[in-house]
Amino acid sequence: MAVVLGTNQYGKAECHVVRVYRDTARHHIRDLTVSTALRGDFTEAHVDGDQGEVLPTDTQKNTVFAFASERGVGQIEDFALELGEHFVRQTPAATEAKIDVSEHGWDRIDIDGHGHDHSFVRSGQETRTTVVTVRGHGADRQAWVISGLNDLVLAKTTGSEFQGFRTDGYTTLAETDDRVLATSLVARWRYLGTEVDWGKSYSAVRATLLRRFAEVHSKALQQSLYEMGKAVLEQHTDIAEIRFSAPNKHHFLFDLEPFGLENPGEVFHAADRPYGLIDVSVRRDDVTEAESAWHAVPGFC
Ligand SMILES: O=c1[nH]c(=O)c2[nH]c(=O)[nH]c2[nH]1
């Protein structure tokens, strides 16, 4: 039997960078969690222990903070593309760099209708994300950008059913034509190129997702997600595919009968766990797949 090294990558996970812009009295704040990873031929580092080709994860971390200072943050996709290309250039053994960025939003604290100059409040748990894979550098650079969002918490209080499902001896679930549908959505979409107005596209995709979630009369979370993805692909020709991971945040009608009370769909127990977990991907049938861009993407491994 021979033992061989399998797939590997290495980098610094979750560098939490806060960049404050304080050129004027009206400050701006950007709050990112950045993970870096290099892939390539690092056989000697593993098999012989020779670290001669390894750009330390500590250096990768320092680079993230230095770039935030020197270049600023801008759109997270551009920040990740620049970092990725830099790492591939600096590290001959690396064929690819993968940069994963999550952005945490901050709003200005409102004082009598005006946003305060330098005081902020975190804008909820939702984050904007990107995972960028860069292969080669300079004229040979290729890049894949998968942008998205995490923890977009959605609910609709009617317009959702779940019935006609398969049953067996263990089925207890009652059919329903009117239920609460709620999720904490993870969505990631892959762009066909890198010449994109990232911020504008992000806002438009997010708006489409919200609109379709609201408008579709849901027969199941699976169907809602498919319709949401379909609408994104129909409206955004520069997006090749979109993937969702969506917990079904169950809302069970609470039994108020013991107290002589009726419960016409008003009081629910929002169960924490277990939860259904629905993963759906929707893609154009005329684009090449890019599985390596999805490799080790959280939620879609
Ligand atoms: O939208 C749903 N999809 C399911 O697959 C499922 N399974 C279940 O028990 N409830 C639900 N709801």
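Because the structure is a prediction, the values reported are computed rather than measured. (Residues numbered from 1 in each chain as written. Predicted model: local features only at pLDDT ≥ 70, side-chain atom pairs only at ≥ 80, totals over all residues. Heavy atoms only, no water.)

Peer 1: Lay out the domain arrangement of the protein with the relevant residues and their values.
Peer 2: Along its sequence, the protein is organised into domain 1 (9-140) and domain 2 (147-301). Each side of the interface is counted separately: domain 1 has 18 residues, and domain 2 has 19 residues. Both faces considered, domain 1 and domain 2 share a buried interface measuring about 1,500 Å² in area, 45% of it formed by carbon and sulfur atoms. It is Glu126, Arg128 and Thr129 in domain 1 that bury the most area against domain 2; as a group they hold 34% of the surface buried on that side. Where domain 1 packs against domain 2, one counts one salt bridge. Taking the shortest distance from any N to any O, the salt bridge between Glu126 and Arg206 comes out at 2.7 Å. Seen at the junction of domain 1 and domain 2, the total is eleven residue pairs in polar contact (both at pLDDT 80 or more). With nine residues, the single largest contributor to the side of domain 1 that touches domain 2 is strand 4 (residues 114-135). Of the residues in the side of domain 1 that touches domain 2, the class split is two nonpolar, seven polar and nine charged. (Domains from an automatic or database assignment. Contact = heavy atoms within 4.5 Å. Buried area = accessible area lost by both parts, 1.4 Å probe. Salt bridge = Lys/Arg side-chain N within 4 Å of Asp/Glu carboxyl O. Polar contact = N/O pair within 3.5 Å; in protein donor to acceptor, adjacent residues only side chain to side chain. Helix = DSSP H or I, 4+ residues; strand = E, 2+ residues; numbered from the N terminus. Nonpolar A, V, L, I, M, F, W, Y, C, P; charged D, E, K, R; others polar.)

Peer 1: If you had to explain the UniProt feature "binding site: urate" (unreviewed entry) in the protein to someone new, which residues and values would you point to?
Peer 2: UniProt annotation of "binding site: urate" (unreviewed entry) refers to Thr57, Asp58, Phe162, Arg179, Gln222 and Asn248 when read in the numbering used here. In sequence the annotated residues extend across 192 residues, and in space they extend as well, their farthest C-alpha pair lying 50.3 Å apart. By secondary structure assignment, the location of Arg179 is in the loop between strand 5 (142-156) and strand 6 (181-191). Excluding residues that lie within four positions of it along the chain, Arg179 makes contacts with Lys156, Thr157, Thr158, Ser160, Glu161, Phe162, Ala220, Leu221 and Asn248. (UniProt positions renumbered as here; feature names shortened; annotations may be inferred.)

Peer 1: So what about the nonpolar core? Which residues, and what values?
Peer 2: Judged by nonpolar contacts, the single largest core of 53 residues is most densely connected at Val34, Leu185, Trp189, Leu209, Leu225 and Phe244. With seven residues, helix 3 (residues 76-90) is the largest single contributor of residues to this core. Both domain 1 (9-140) and domain 2 (147-301) contribute no fewer than three residues apiece to this core. Here Trp189 is in contact with Val145, Ile146, Ser147, Gly148, Leu149, Tyr202, Val205, Leu209, Ile239, Glu241 and Ile242, once residues within four sequence places are set aside. Trp144, Val186, Trp294 and Phe300 belong to the second-largest nonpolar core, a separate cluster that totals nine residues. (Core = buried A, V, L, I, M, F, W, Y, C linked by side-chain atoms within 4.5 Å. Buried < 20%, exposed > 50% of the residue type's maximum accessible area, 1.4 Å probe, protein only.)

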